[in-house]
Every structure is written in structure tokens, then in C-alpha cells.
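Residue-level listing of the chains:
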Amino acid sequence: MVRKAIIPAAGYGTRSLPITKAIPKEMFPLGLKPAIHYIVEEAVQSGIEQLLIVISNSKHSILDYFDHSMELEAFLKSKNKQHMLKLLELPNIDIFYIKQHHANGLGDAIRLGKEFVGDEPFGVLLPDDFVISNQTPALSQLIEEYKKAKSSVLGLKQVKQEQLKNYGVIQGTPNSDLIEIENIVEKPKQDPPSDLAVIGRYIFTPAIFQCLEELKEGVDGEFQLTDAIKSLLEIEPVYGKIVSGDRYDLGNLGDYIELMKIMSREQSLE
Ligand code: UTP
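Residues numbered from 1 in each chain as written. Predicted model: local features only at pLDDT ≥ 70, side-chain atom pairs only at ≥ 80, totals over all residues. Heavy atoms only, no water.

Caption draft 1: Focus on the site of the ligand. Taken together, the neighbourhood of the ligand is formed by 19 residues, with T14, R15, Q100, G105 and D128 sitting nearest. The separation between an oxygen atom of the ligand and a polar main-chain atom of G11 is 2.8 Å. Between N104 and the ligand, the recorded distance is 3.3 Å, taken from a backbone N or O atom to an oxygen atom. In the complex, 84% of the free accessible area of the ligand, which totals 560 Å², lies under the protein chains. For the shell around the ligand, the residue count by class is nine nonpolar, six polar and four charged. (Near = heavy atom within 4 Å. Polar contact = N/O pair within 3.5 Å; in protein donor to acceptor, adjacent residues only side chain to side chain. Areas by Shrake-Rupley, 256 points an atom, 1.4 Å probe, with all protein chains shown as cover. Nonpolar A, V, L, I, M, F, W, Y, C, P; charged D, E, K, R; others polar.)

Below is the structure:
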């Protein structure tokens, strides 16, 4: 059973400046909901019961959004605006928060979840990565594989050669529906080991925390999750699963516009 998940949301969003000076990327509107709402819904649909969101000082709007607004609710009730009260319903999940004081990298952000996770497998959802799938949500696809493999499973996507330098890229051997990972390289400048990039959905066994605690600064001077995965490979098998669905990167303006169109269309049909 994978019951817990972490959403790291403490990054600076530098690719989306200047708006991210005041509005966190996770709060970008997609239709009339902020981006992170869809990510939390994906967790709920994948059977996650408890979520830890890693935030920073400038991300209080995320806490506010997932909190009840007593005053507004009382106002709408007094006016008998039931349809509007319905819009205020929150996803049915327990949400906890922890602060990452400096954006030292994704590895550092996930490490902060050690106490929350304890001794169970857990999911990670990067809130700027969207996988639009008509069938099974991306995290759920990984959980299905975890149930069979009982090992960490990374979400993968085939990426164009010229884009590989922006991702963690794996080397591995196909093994039925999965790929047994042999190596992983963060943002390869040349000779990427394959065209399979790691995207922002993961299932980890708690053994990853041992690797995160021993992490040293890596590429870009940050504590890289990729480096911890590399150490994990030395302890236990790690698998990759090519996720089905279309992937969009919220930090890319073209992708953001596409996502905005998709979500607005969905909401106007509701
Ligand atoms: P990204 O590198 O894609 O996001 O990290 P970013 O750092 O916010 O944006 P850019 O690249 O500067 O434009 C992936 C996810 O990990 C979180 C980010 O908030 C994002 O959701 N993250 C990243 C942390 O929580 N802490 C970090 O130190 C780094």
C-alpha cells in the first residue's frame, strides 16, 4: 500500500519570473483552480491518504488555499449560495506542511519528509509536471507497478535528443512492463545514456532517505534527487515505467498556455 506522498513546492520558479516574485508557480491559475489543486487531486485519485507539501516563506498562499475560509463560507451560507459553497469544497485528504528555508535542491526538499514518511513506501509528485491521461493518473500507474515490483519506480518519458540535457536521464534494460535502471545521469551535457528522462512522479521505498542523508552538493551546487537515486541503485533494484499520457511542464510558457486551454475547456464542460 502506498498511502503517503510528498509534493515539493519550495523552489523559486526562476524560469517563470517576474510573476513568481509574488505568485508561486504552484498557484498559477489553470482555469479557475491553481495548478497544485490538480496535483493534489491526482494524489487523491491514486489512493494517497496523507500528503506533505514542502513550502517556503513565500508560499503561504498554498496553505491559505487548502484551508477553510470560515468568513466566506458563512457569507455564502447566509446568502443561500449553495452552488458557490460547492466550489469551496477541498480535496478529501490530510495535508501537512514543512518548510524548506533555502531552495537547496529537490533532494534536500524530499529529505525533509523523513519523519512524515516513516518506514513505508511513498510517492513524490512534482507540482510543475503535469501528465494528462484519459485513463489512469500518472502516480497511480507507478503505484500499480510498485505493487508488483516492491521496489522504487520512477516515472519516465521519451524526450527529444536536444532536450535531454534538462533532465535526469536513465540507462536501463527493459523487463516486461518496466525498465530495470542501471544508471542515471543528471542533466547530461553530452552523450546521454538513452532518450528516457525521469519526470516528476516517483514511488520510493524508505531506503531513499539513507541516500538523501549522505548526499553532497551536485550539479548546479544543489542537493540532487538524481544523486540519491544513483546511491539507491547500489542498495536495491530501482525500476522505471514509461508513463502513458501527455506531459506538460508548467515552467515552460508554451506548455502553461496549453494546460490553461485544456483545464479551462474541462471546467466549462462541468
Ligand atoms: P524545478 O527546478 O522544476 O522548479 O523543481 P523551480 O526550482 O521552482 O523552478 P525553476 O527551475 O527555477 O524555474 C521541481 C519542483 O521541486 C521543487 C519546486 O518547487 C518544483 O515544484 N523544489 C525545487 C523544492 O521544493 N525545493 C528545491 O530546493 C528545489
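Caption draft 2: Spotlight on the layout of surface pockets. Looking at the second largest pocket, its volume works out to about 520 Å³. Elements that contribute at least two residues to the lining of the second largest pocket include exactly β3 (33–34), α1 (35–45), α2 (60–65), α3 (70–78) and α4 (82–87). Of the residues in the lining of the second largest pocket, the class split is seven nonpolar, three polar and eight charged. (1 Å grid on protein atoms, 1.4 Å probe; cavity = no way out; pocket = protein on both sides within 12 Å on 5 of 7 lines; lining within 4 Å. Points joined across faces, edges and corners; volume = space filled by probe spheres on them. Helix = DSSP H or I, 4+ residues; strand = E, 2+ residues; numbered from the N terminus.)

Caption draft 3: How the structure looks around the pattern of salt bridges. The final tally for this structure, using the stated rule, is 17 salt bridges. One salt bridge in this structure joins R15 and D249, with 2.9 Å as the shortest N-O distance. Here D249 lies in strand β13 (residues 246–249) and R15 lies in the loop between β1 (4–8) and β2 (29–30), a separation of 234 residues in the sequence. Since its relative accessible area comes to 53%, R15 is described here as exposed. With a closest N to O distance of 3.4 Å, E89 and K86 form a salt bridge. What you see here is one network of salt bridges that share partners, running through R3, K4, E49 and E120. (Salt bridge = Lys/Arg side-chain N within 4 Å of Asp/Glu carboxyl O. Buried < 20%, exposed > 50% of the residue type's maximum accessible area, 1.4 Å probe, protein only.)

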